[in-house]
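A look at the structure
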Amino acid sequence: MFGKLKMAGNILIGAVVVLVWGCIRLVKVLRQLDQGVPYAKLQLQLWNWAWVLIAGTAVILVALTVAIIQKHRATKR
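In this report, the structure presented in the accompanying data block is examined. (Residues numbered from 1 in each chain as written. Predicted model: local features only at pLDDT ≥ 70, side-chain atom pairs only at ≥ 80, totals over all residues. Heavy atoms only, no water.)

Here the focus is helix H2 (residues 39–76). With 38 residues, H2 ought to run about 56 Å at 1.5 Å a step, and its terminal C-alpha atoms sit 54 Å apart, in line with that. Where H2 bends most, at glutamine 45, the angle is about 25°. Listed as buried for H2 are Leu42, Leu46, Trp49, Ala50, Leu53, Gly56, Ile60, Ala63 and Ala67. (Helix = DSSP H or I, 4+ residues; strand = E, 2+ residues; numbered from the N terminus. Expected span 1.5 Å × (residues − 1). Bend = angle between axes of the 7 residues up to and from the residue. Buried < 20%, exposed > 50% of the residue type's maximum accessible area, 1.4 Å probe, protein only.)

Here's what the structure looks like:
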């Protein structure tokens, strides 16, 4: 799928892995919160994993933009 777009493809794969990992960790923190652990104790972890998801989403958008630009330039020639 990303034959000629190796850089964008690798970034996209890495970003998806980060998103999956961040989701798993965020769910673990939310489960702890559901089990009665005080929010104040989990607040830092909760926001850290939320920011991992936000950053992963931003990286995916950048990788897709780079892939689209590369594809457009390749078809232009």
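With that settled, the discussion passes to the packing of aromatic side chains. Within this structure, the stated rule accounts for one aromatic pair. Ring geometry for tryptophan 21 and tryptophan 49: centres 4.8 Å apart, planes at 85°, overall edge-to-face. Placement of the pair is tryptophan 21 in helix H1 (residues 6–34) and tryptophan 49 in helix H2, with a sequence separation of 28 residues. For tryptophan 49, a relative accessible area of 14% gives the class buried. (Phe/Tyr/Trp six-rings, centres within 6.5 Å; stacked < 30°, edge-to-face > 60°.)

Moving on to the environment of glutamine 43. If you trace the backbone, glutamine 43 turns up in helix H2. Through-space distance from the C-alpha of glutamine 43 to that of leucine 30 is 10 Å; in sequence the pair is 13 residues apart.

If you look at the biggest cluster of nonpolar residues, it comprises 11 residues: Leu12, Ala15, Leu19, Leu26, Val29, Leu42, Leu46, Trp49, Leu53, Ile60 and Ala63. At the level of elements, H1 and H2 are the ones that each hand at least two residues to this core. When sequence neighbours within four positions are dropped, the list of residues in contact with alanine 63 reads Ala8, Ile11 and Leu12. (Core = buried A, V, L, I, M, F, W, Y, C linked by side-chain atoms within 4.5 Å. Contact = heavy atoms within 4.5 Å.)

Along the chain, the position of glycine 56 falls in helix H2. C-alpha of glycine 56 to C-alpha of valine 20: the two residues are 36 residues apart in sequence and 9.4 Å apart in space. Residue contacts for glycine 56: discarding those within four places in its chain leaves Ala15 and Leu19.

Let us now look at the environment of glutamine 70. Its place among the elements puts glutamine 70 in helix H2. Among the residues examined, glutamine 70 registers a relative accessible area of 27% and is labelled partly exposed. Taking the C-alpha atoms as reference points, glutamine 70 and leucine 42, 28 residues apart in sequence, are found 42 Å from one another.

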